[in-house]
Amino acid sequence: DAGVIQSPRHEVTEMGQEVTLRCKPISGHNSLFWYRQTMMRGLELLIYFNNNVPIDDSGMPEDRFSAKMPNASFSTLKIQPSEPRDSAVYFCASSPPGQGATGYGYTFGSGTRLTVV
Amino acid sequence: AQKVTQAQTEISVVEKEDVTLDCVYETRDTTYYLFWYKQPPSGELVFLIRRNSFDEQNEISGRYSWNFQKSTSSFNFTITASQVVDSAVYFCGGTSYGKLTFGQGTILTVHP
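First things first, this report covers the structure right here in the doc. Values in this document were obtained by computation on a predicted structure and should not be read as measured data.

### As for the overall build of chain A
Helix and strand content of chain A: zero helices and eleven strands. Listed by position from the N terminus, the elements making up chain A come as β-β-β-β-β-β-β-β-β-β-β. Taking 13 Å as the expected radius of gyration for a compact globule of 117 residues, we find that chain A reaches 13 Å, a close match to that expectation. In terms of overall dimensions, chain A has a C-alpha envelope of 40 × 30 × 25 Å along the principal axes.

Here it is in structure tokens:
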């Protein structure tokens, strides 16, 4: 099993540019989560999907952030326009069916380190 | 809504000391699951333990041990005889309504 795959690993972009982060969950997992990690706020849950449908996006910071999951094997997190304060590590995680409440099998990707200059 | 509080932002110890990382998980749920993850300097999130709210038995795994007390909502993590390789950020978290929420993390530095 290849695990949760995120791309790119590192992204440096200029303020105002659009940034797209990508995630491929583990095959067979039906829940997908996007987290952001900063020194100030720790690990925050931004949004999560179940069966490709967004269930809770209350953690999305503002309208500049959007997330999609067009199919069971792919999700994107887009920031448009990006700002320096968006600099962070963004993690994607997935979990198997029926385990959302238990957290069993919850698996994180390696993260994308985003720097906005 | 649930809340995860890790009281210690940073802890610094000398190798071979024991160290305890505190975590308090507040929720209205009667059934929930608690977690600890380790994030070494390389940045990945490493799963350490998962515990359900019905199981208050202490758990020991090598130098690691966990103490869950439902009455105080605490799920503390102790490293015995710490080593330099234990230096990392440690996150406590809990599940509610299908999502895992974390505390702010505790930075542990173990000096040789």
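### Section: the interface of chain A and chain B
Across the contact, 19 residues belong to chain A and 16 residues belong to chain B. Regarding the contact of chain A and chain B, the summed buried area is about 1,600 Å², with carbon and sulfur atoms giving 55% of it. Of all residues in chain A, the largest losses of buried area upon contact with chain B belong to L43, T102 and F108 of chain A, amounting jointly to 30% of the total for that side. If you look at where chain A meets chain B, you find zero salt bridges. Our count for the contact surface shared by chain A and chain B stands at three residue pairs in polar contact (both at pLDDT 80 or more). Considering each element in turn, the side of chain A that touches chain B owes the most residues, four residues, to strand 5 (residues 42-50) of chain A. Partitioning the side of chain A that touches chain B into residue classes produces eleven nonpolar, six polar and two charged.

### Remarks on the state of the cysteines
Enumeration according to the criterion identifies two disulfides over all chains in this entry. Disulfide pairing is shown between C23 of chain A and C92 of chain A; the S-S distance is 1.9 Å. In this structure, the disulfide formed by C23 of chain A and C92 of chain A twists by about -70° around the S-S bond and is classed as left-handed. Taken as a pair, C23 of chain A in strand 3 (residues 19-24) and C92 of chain A in strand 9 (residues 88-95) lie far apart in primary sequence, 69 residues in all. There is a disulfide in this structure between C23 of chain B and C92 of chain B, and the S-S distance comes to 1.9 Å. In this structure, the disulfide formed by C23 of chain B and C92 of chain B twists by about -65° around the S-S bond and is classed as left-handed. Of this pair, C23 of chain B sits in the loop between strand 3 (19-21) and strand 4 (24-26) while C92 of chain B sits in strand 10 (residues 88-96), and the two are 69 residues apart along the sequence. The residues C23 of chain B and C92 of chain B share a single accessibility class, namely buried.

### Remarks on unusual backbone geometry
Residues and elements named next belong to chain A. Cis rather than trans, the peptide bond between S7 and P8 has omega equal to -10°. Mapped onto the secondary structure, P8 falls in the loop between strand 1 (5-7) and strand 2 (10-13). A cis amide bond links Q80 to the next residue, P81, at an omega of -5°. Mapped onto the fold, P81 is located in the loop between strand 8 (74-79) and strand 9.

### Re the layout of surface pockets
The volume enclosed by the largest pocket comes to roughly 470 Å³. For the largest pocket, the lining is made up of 25 residues, of which Q37, T38 and M39 of chain A together with Q39 and V89 of chain B are closest to its centre. Secondary-structure elements contributing two or more residues to the lining of the largest pocket are strand 4 (31-38), strand 9 and strand 11 (112-116) of chain A together with strand 10 of chain B. In terms of residue class, the lining of the largest pocket is built from nine nonpolar, 13 polar and three charged.

### Details of the packing of aromatic side chains
Residues and elements named next belong to chain B. Under the definition given, this model contains 21 aromatic pairs over all chains. Ring centres 6.1 Å apart and planes at 75° place the aromatic pair F91 and F102 in the edge-to-face group. One end of the pair, F91, is in strand 10; the other, F102, is in strand 11 (residues 99-102), and eleven residues separate them in sequence. Positioned over the ring face of F54 is K70, at 5.0 Å from the centre of the ring.

### So, the pairing of strand 4 of chain A
Residue and element names in this part refer to chain A. For strand 4, a buried count of eight out of eight residues is recorded, marking the element as mostly surrounded by other parts of the structure. Covered by surrounding structure in strand 4 are S31, F33, Y35 and Q37 together with L32, W34, R36 and T38, the residues of both alternating faces. Sheet analysis places strand 4 next to strand 5, joined by eight bridges and oriented antiparallel. Following the sheet pairing, F33 is matched in strand 5 by Y48. Here strand 4 runs beside strand 9; their pairing, made up of seven bridges, is antiparallel. Residue pairing in the sheet places S31 in a bridge with S95 of strand 9.

Here is what the cut-offs are and how they apply
- Residues numbered from 1 in each chain as written.
- Chains lettered and ligands numbered in written order.
- Predicted model: local features only at pLDDT ≥ 70, side-chain atom pairs only at ≥ 80, totals over all residues.
- Heavy atoms only, no water.
- Helix = DSSP H or I, 4+ residues; strand = E, 2+ residues; numbered from the N terminus.
- Rg over C-alpha atoms; globule rule 2.2 N^0.38 Å.
- Contact = heavy atoms within 4.5 Å.
- Buried area = accessible area lost by both parts, 1.4 Å probe.
- Salt bridge = Lys/Arg side-chain N within 4 Å of Asp/Glu carboxyl O.
- Polar contact = N/O pair within 3.5 Å; in protein donor to acceptor, adjacent residues only side chain to side chain.
- Nonpolar A, V, L, I, M, F, W, Y, C, P; charged D, E, K, R; others polar.
- Disulfide = S-S within 2.5 Å.
- Buried < 20%, exposed > 50% of the residue type's maximum accessible area, 1.4 Å probe, protein only.
- 1 Å grid on protein atoms, 1.4 Å probe; cavity = no way out; pocket = protein on both sides within 12 Å on 5 of 7 lines; lining within 4 Å.
- Points joined across faces, edges and corners; volume = space filled by probe spheres on them.
- Phe/Tyr/Trp six-rings, centres within 6.5 Å; stacked < 30°, edge-to-face > 60°.
- Lys NZ or Arg CZ within 6 Å of the ring centre and 35° of its normal.
- Pairing = 2+ DSSP bridges.

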